[in-house]
Amino acid sequence: MEEAAAHNGSAAGAGAGTGSPAAARPPATPEGMALAYGSLVLMALLPIFFGALRSVSCAKSKNSSEMPETITSRDAARFPIVASCTLLGLYLFFKIFSQEYINLLLSMYFFVLGILALSHTISPMMNRFFPANFPNKQYQLLFTQGSGESKEEIVNYEFDTKDLVCLALSSVVGVWYLLRKHWIANNLFGLAFSLNGVELLHLNNVSTGCILLGGLFIYDVFWVFGTNVMVTVAKSFEAPIKLVFPQDLLEKGLEADNFAMLGLGDIVIPGIFIALLLRFDISLKKNTHTYFYTSFVAYIFGLGLTIFIMHIFKHAQPALLYLVPACIGFPLLVALAKGEVTEMFSYESSAEILPHTPRLTHFPTVSGSPASLADSMQQKLSCPRRRRQQSPSAM
């Protein structure tokens, strides 16, 4: 988990790297910090809100290729362990091999993945701008293996002209990010990853959500406060797995480089739990979104508390330390007050809305951060309408 932090041109905590040129920079002004942190909070809320809404439509989709990945309790219990091993592996990689070459490979990987994610994000909005007489042609990219009865589909990629337009627009952002690593391009990719993660990753029930958030709560606190592994990887890792906003924007404009940042894991992990509560609200058929709005307000409270504590102690904070108790505790108190605790914990998202949803059977290997949950959707993002062969073990 990338911890919430103020940093100078990298993902380091405030004050890190004493003696470096970054340390000689003047401190951010109160106005600059307020603008930066306010913008980070707003950017964090957007993918959670719209991703949760899109997760409802995604859950009701009849197209099997658009069905989300479902995280089971077993997946949730394993994820902090897998994430810890991957984080430690990255730490050793950066210690042994050249940081330049590793980041070059990562840049190419996120260049492709970011274009696909951004294209998937803007596609519904772009469809409204196409005229009715737009010549929209259908295409199919098909790769098979074998012949005759043993022929097996490897890739079955269906797309249309509108998809190509979205890909072209997203490619412009991709080239901008690849060449300049500009913070705006980074944020566009980060927002796309976050929204797709909230939309396409579904918890199957509230208990699973509690297991996942609880496990990553411990993971985040240990790797931030217990070791320097998280900070070292965050300093070395150049990829759009965090949202950043300059604290010196008012002084330097778009070329500002004294950033505050928020890891995507601090958005996606609570976001998929908030999206689950929205689907639970809808399942109650009371025409209210009590639990969704409660958890949404809880997220704002937890993130605001993170920023406040960080500002007071001048040290990077594991945001899940404050977000997890808020996002679980607030809705649980509401359920206790309304006498709906049993209904909340007996609700099965995959059973009620998606009886044949495949569960999550793989974990990301690029980043040890839970932010990389969003990256595990890369196969799904590559084509919204791709037909996928489902094995019995994935059901």
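Everything below is about the structure printed above this text.
Residues numbered from 1 in each chain as written. Predicted model: local features only at pLDDT ≥ 70, side-chain atom pairs only at ≥ 80, totals over all residues. Heavy atoms only, no water.

*Asks:* Looking at this structure, how should I read the overall build of the protein chain?
*Replies:* The number of helices and strands found in the protein chain is 14 helices and 7 strands. Put simply, the protein chain has 395 residues, and 53% of those count as buried. Excluding contacts between residues fewer than 6 apart, the proportion of contacts in the protein chain whose partners are at least 24 apart in sequence is 80%. About 17,700 Å² of surface is accessible on the protein chain, with carbon and sulfur atoms providing 65% of the total. (Helix = DSSP H or I, 4+ residues; strand = E, 2+ residues; numbered from the N terminus. Buried < 20%, exposed > 50% of the residue type's maximum accessible area, 1.4 Å probe, protein only. Contact = heavy atoms within 4.5 Å. Areas by Shrake-Rupley, 256 points an atom, 1.4 Å probe, with all protein chains shown as cover.)

*Asks:* What exactly am I supposed to notice about the pattern of salt bridges here?
*Replies:* Between side chains of opposite charge, a pair can form as their charged atoms come close. Evaluation of the coordinates by the stated rule reveals 6 salt bridges. Between Arg-78 and Asp-75 there is a salt bridge, and its shortest N-O distance comes to 3.7 Å. With Arg-78 and Asp-75 both in helix 2 (residues 73–96) and 3 residues apart, the pair spans about one turn of that helix. The structure contains a network of salt bridges with shared partners spanning Asp-248, Lys-252 and Asp-257. (Salt bridge = Lys/Arg side-chain N within 4 Å of Asp/Glu carboxyl O.)

*Asks:* How should the environment of Tyr-139 be read in this particular structure?
*Replies:* Topologically, Tyr-139 is positioned in strand 3 (residues 138–145). Spatially, the C-alpha atoms of Tyr-139 and Asp-160 are 5.6 Å apart, while their sequence positions differ by 21 residues. Apart from the residues lying within four places of it in its own chain, the contact partners of Tyr-139 are Tyr-157, Glu-158, Phe-159, Asp-160, Thr-161 and Leu-164.

*Asks:* Explain the packing of helix 1 (residues 30–60) against helix 10 (residues 290–313) here, please?
*Replies:* It is the contact of helix 1 with helix 10, at a shortest axis distance of 11 Å, that shows an interaxial angle of 155 degrees. In this view, helix 1 runs roughly antiparallel relative to helix 10, as classed from their interaxial angle. Helix-helix and strand crossings are classified by hand; for helix 1 and helix 10 the assignment is right-handed. Together, Met-33, Tyr-37, Val-41, Ala-44, Leu-45, Ile-48, Phe-49 and Ala-52 of helix 1 and Phe-292, Phe-296, Tyr-299, Ile-300, Leu-303, Ile-307, Met-310 and His-311 of helix 10 make up the contact between the two elements. (Axes fitted to C-alpha atoms, helices over the stretch in contact; angles between N-to-C directions. Parallel < 35°, antiparallel > 145°, perpendicular 65-115°, else oblique. Left-handed = near helix turned anticlockwise from the far one by under 90°.)

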